[in-house]
Amino acid sequence: MKLHRESKGTITVATILFLIVGALAIYFLKIWSLVIIMPLLVVYCLVFWFFRVPDRTILDHKENVIAPVDGKVVMIKEVEENEFLQGKAIQVSIFMSPLNVHICRYPVTGKVIYKKYHPGKYLVAWHEKSSTENERTTVAVETLTNHKVVFRQIAGYVARRIVFYCNEGDQAKAGHEFGFIKFGSRMDVFLPLDTEIVCKIGDITKGGLDVIAKLKN
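Residues numbered from 1 in each chain as written. Predicted model: local features only at pLDDT ≥ 70, side-chain atom pairs only at ≥ 80, totals over all residues. Heavy atoms only, no water.

Draft legend 1. Quick peek at the packing of aromatic side chains. In this structure the tally under the stated criterion is ten aromatic pairs. Note on Tyr-106 and Phe-151: the rings are 6.2 Å apart at their centroids and 90 degrees apart in plane angle, and the pair reads as edge-to-face. Pair noted here: Tyr-106 is in the loop between strand E4 (103-105) and strand E5 (110-118) and Phe-151 is in strand E7 (residues 148-155), with a separation of 45 residues, a long-range link. The exposure class assigned to Phe-151 is buried, which follows from its relative accessible area of 1%. (Phe/Tyr/Trp six-rings, centres within 6.5 Å; stacked < 30°, edge-to-face > 60°. Helix = DSSP H or I, 4+ residues; strand = E, 2+ residues; numbered from the N terminus. Buried < 20%, exposed > 50% of the residue type's maximum accessible area, 1.4 Å probe, protein only.)

Have a look at this one:
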């Protein structure tokens, strides 16, 4: 199983803790140490599972808006996006549980024209205000169809580390990685009002594969 580059520090710490606690349990508890070691082994394996990188074939897209993450669609509504677009947009929000793949992917193809990191709170990721009050990043891409699409990584109650690798001027390719969020949170995508939304609330998405909307050409 291929692991994400963001896994190194976490897995190193988890390995050291597992070995120390396991050794102490065996020394003091003998056979009863299994009561402690087995649950720890499950948690240890889940850490590896969390940082997995699935092998996916990413296609080229022009009008299609691709799911940026694995997760569940929890919101589709018209909102005011006041950080970059300064106007109304359709917000599509996808919630990620700690068991989902947490690679963050470009939802559209085009050119990165804006990026910004915002420190903030750690409200639960499905809270509506988390989009504007939580720790988050905002990225905007000018698409091949001459639209401006904004997307936002949002930290949740558990997720406390967001990373994004893109810079202004970079070429964005729908479905390809631009960042990572550790241990559960949310991605918001803000689309033009005339966008055709093809997903619905409750849909389970696979990042880089599933089409969630189509831009007008």
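Draft legend 2. Structural context of the pattern of salt bridges. Counted under the stated rule, the structure contains seven salt bridges. Where Lys-88 meets Glu-80, a salt bridge forms, and the shortest distance between an N and an O atom there is 3.3 Å. Residue Glu-80 is classed as partly exposed on the basis of its relative accessible area, which comes to 43%. Between Asp-188 and Arg-186 there is a salt bridge, with the nearest N and O atoms lying 2.8 Å from each other. One continuous salt-bridge network, built from bridges that share partners, spans Glu-78, Glu-80 and Lys-88. (Salt bridge = Lys/Arg side-chain N within 4 Å of Asp/Glu carboxyl O.)

Draft legend 3. Spatial organisation of the sheet that holds strand E12 (residues 196-197). Ordered in space as E1-E14-E12, the three strands form an open sheet in which the pairing is antiparallel. Edge positions in the sheet fall to strand E1 (64-66) and E12, since each of these pairs with one other strand and no more. (Pairing = 2+ DSSP bridges.)

Draft legend 4. Local environment of helix H2 (residues 34-50). End to end, H2 covers 24 Å across 17 residues, agreeing with the expected 24 Å (1.5 Å per residue, within 8%). All of the buried residues in H2 are Ile-37, Tyr-44, Val-47 and Phe-50. Down the axis, H2 shows its buried residues gathered within 140 degrees of arc, on one side only. Residues of H2 that are buried sit in contact with helix H1 (7-29) and strand E10 (177-181). (Expected span 1.5 Å × (residues − 1). Arc of directions from axis to C-beta. Contact = heavy atoms within 4.5 Å.)

Draft legend 5. Focus on the nonpolar core. Counting 30 residues, the largest nonpolar core has Val-65, Tyr-106, Phe-151, Phe-178 and Leu-191 as the members making the most contacts within it. Of all elements in the fold, only strand E3 (87-96), strand E6 (136-143), E7, strand E8 (162-164), E10, strand E11 (185-191) and strand E14 (211-214) reach the threshold of two or more residues within this core. At four residues, E3 tops the list of elements feeding residues into this core. Judged by nonpolar contacts, the second largest core, of eight residues, contains Phe-50, Val-101, Ile-103 and Phe-180. (Core = buried A, V, L, I, M, F, W, Y, C linked by side-chain atoms within 4.5 Å.)

Draft legend 6. Expanded view of the sheet that holds E5. One open sheet holds the eight strands; their spatial order is E9-E5-E6-E7-E11-E3-E2-E13, and the pairing between them is antiparallel. Either end of the sheet is taken by a strand with one partner, and the two such strands are strand E9 (171-172) and strand E13 (204-205).

Draft legend 7. Quick look at the pairing of E3. The buried fraction of E3 is high, at eight of ten residues. Two elements, strand E2 (residues 71-81) and E3, share nine bridges in a ladder whose sense is antiparallel. Bridge pairing in E3 places Val-79 opposite Ala-89. Taking the residues between adjacent antiparallel strands as the criterion, E2 and E3 are bridged by five residues, where Gln-86 takes a positive phi near 55 degrees.

Draft legend 8. Representation of the pairing of E7. Most of E7 sits out of view: seven of its eight residues are buried. Pairing of E6 with E7 involves seven bridges; the strand directions are antiparallel. Residue pairing in the sheet places Thr-138 in a bridge with Arg-152 of E7. Counted along the chain from E6 to the antiparallel partner E7, the turn is four residues long, and its residue Asn-146 has a positive phi close to 65 degrees.

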